[in-house]
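Topology and contacts: notes
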Amino acid sequence: MSNVLELVNVRKSFDSELVLNDLSLTVKEHTATVLIGASGSGKSTLLRCINLLETIDDGQIFLDGQEISDPLISVDEVRRKLGMVFQSFNLFPHKTVLENITLSPIKVHGIAPDQARDQAMVLLKRFDLADKADQYPDRLSGGQQQRVAIIRSLAVNPRVLLLDEITSALDPVLVNEVLSIVRDLKHDGMTMVLATHEMGFATQVADEVCFLESGLILERGSAEQVLKNPQNAKTKDFLKRVHEAGRL
Amino acid sequence: MLNGPDQQAWSPSSRELERRNARRQISRKQFTIAGISSVLVLGALYTVIITSPGWQVVKDTFFDLDYGREVLPTVLRGLVVNIQLSFIGGFFIAVIALSLALVRTTKSPALTPFRFLATAYVDIFRGAPLLLIILLVGFGVPALRVAGLTSNVIVLGTVAVVLTYSAYVAEVIRSGIMSIHPSQRAAARSLGLTSGQTMRFVVLPQAIKRVIPPLLNDFVSLLKDTGLVSILGVTDAVRAAQINASRTFNYTPYVVSAILFLLITIPLTRYIDRVIRRSSAKQNSEGAI
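Report on the accompanying structure.

How each quantity is defined
- Residues numbered from 1 in each chain as written.
- Chains lettered and ligands numbered in written order.
- Predicted model: local features only at pLDDT ≥ 70, side-chain atom pairs only at ≥ 80, totals over all residues.
- Contact = placed C-beta atoms within 7 Å.
- Helix = DSSP H or I, 4+ residues; strand = E, 2+ residues; numbered from the N terminus.
- Nonpolar A, V, L, I, M, F, W, Y, C, P; charged D, E, K, R; others polar.
- Axes fitted to C-alpha atoms, helices over the stretch in contact; angles between N-to-C directions.
- Parallel < 35°, antiparallel > 145°, perpendicular 65-115°, else oblique.
- Left-handed = near helix turned anticlockwise from the far one by under 90°.
- Pairing = 2+ DSSP bridges.

Contacts between the two partners involve 21 residues from chain A, matched on the other side by 20 residues from chain B. Elements with a minimum of two residues in the side of chain A that touches chain B: α2 (75-80), β6 (82-85) and α3 (97-107) of chain A. Looking at the side of chain A that touches chain B residue by residue, the class counts come to ten nonpolar, five polar and six charged.

In structure tokens:
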């Protein structure tokens, strides 16, 4: 399996706060890498740096061997190959579900509108949302909105899907309908990097779990290793707190 | 609507019927209070005006029905000028204001000098009184005697109004653009849309929708402010009324002109309010509130 994403000594700070501290990470094709850690540990920043929504201060990021942290590269080109799903869905409220999904295929990827609509409908049917195609996002439940957001990022066949705490804004009942899509995608072999607080879910999909703390990956390994048998004292402490909060 | 089997069998309990009865009584009482207070206040106002010593004179000079009917066609012809001016001017204002707002919100380095110019433009034309701009353009431009430049007062008056209103409207649009949450931009950019496409397909449509009420407000003020070009000698509704009023020393034409303006502006605002309500009801689940 080839490396799709490679982060080498990535450093990022906001003002005086160091958020990513010479962090390195490799993501192989068809694998799911799960980032866990307390809020503020740098999970979201890491994803936003990969997507070039943030400019890194030092280090390098490679996508399929090409350095995307090179300032001369076209950010739009890079983002065409990456899908990103946000904690707060960020659907476009003035566009219907179908328009949300087809916007990028039509305008960015130059797919004919009819074809883009057909492809979107296939995805909507697959995830039981076909009847919502002409609705506006505000009429949908949180879980439905997040599923639409995932479909929207899938519609452009990304090389890597970046999922930033996609269930954090949902109530426990809706969490599962969103996570089941991710399970399906994992089954399809989609390469994913996801930040999550759902440890049970992490155990199910993760090929590798990385525990972040203060901008560093303190521990990494299989879900079995990191979540069930952590070695680092800070990982143990974090998992204990998660356990106490009833999320494990 | 609920329509389960329970729904059909349901009939309101006696307690619910009592509550409905009580609610009806409360609303009947409120209706009566509103009626009495309206009659009292309006009646008092009417009495004060009618019994005031100058009322007869005011009635003859401001509310002369026969004279009003006589000047109506002339004032109406003037009003057509105001309306034309508003729509033609409105078109140019929209184009210029949108460009100014876009230039001021972009970060593109190539547009840096334009950003300075746009800021200076807005500062100047938003800060200077419209009447002064009309006078400066209306009398200043013909004085230049540049070949090809018009000295048509209607055109010059419109230009002056457009210059000023573009600055107002640009700021309204810019505030709308800045009110769109950055997460919308992040979502669009991460889908691969360029910054231009993000502005055009994601930010602007939402921004414009959000600023329609203040824009409408500006359009109504534009319609009224076109009356100021009468100072250059354009025969609009205000000028037509003025000519007639100074000829006869009867001020009814002013009242006629005011009523005509209201007949346009009030239905216009109501209509647009309804359009906005309907479109937001379609997009938002809380639209019914």
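Back to the text.
Residue and element names in this part refer to chain B. Across the interface, helix α6 (residues 130-144) lies against helix α7 (residues 153-179) with an axial gap of 9 Å and an inter-helix angle of 140°. The angle between the axes of α6 and α7 places the two elements in the oblique class. When the axes of α6 and α7 are compared, the crossing they make is right-handed. Between α6 and α7, the contacting residues are L130, I133, I134, V137, G138 and V141 on the first element and V153, L156, G157, V159, A160, L163 and T164 on the second. Its residues placed into classes, the contact of α6 with α7 shows ten nonpolar, three polar and no charged.

Moving on: the packing of α3(A) against helix α4 (residues 113-126) of chain A. All names here are of chain A. Where α3 meets α4, the closest approach of the two axes is 9 Å, and the angle between their N-to-C directions is 130°. Judged by the angle between their axes, α3 and α4 are oblique. For α3 against α4, the interelement crossing comes out right-handed. Here L98, I101, T102, P105 and I106 of α3 lie close against α4, whose contacting residues are P113, A116, R117, Q119 and A120. Looking at the contact of α3 with α4, its residues break down into seven nonpolar, two polar and one charged.

So, about the sheet that holds strand β8 (residues 191-195) of chain A. All names here are of chain A. Ordered by their spatial adjacency, six strands build an open sheet running β6-β7-β8-β3-β9-β10, and the pairing between neighbours is mixed. Here the strands that pair on one side only, and so sit at the sheet edges, are β6 and β10 (216-221). Looking at each pair of strands side by side, their axes are set apart by 20° on average, direction ignored. Pairing of strand β3 (residues 32-36) with strand β9 (residues 208-213), which is carried by four bridges, proceeds in the parallel orientation. Bridge pairing links T33 to E208 in β9.

Read these as spatial facts, not as claims about activity.
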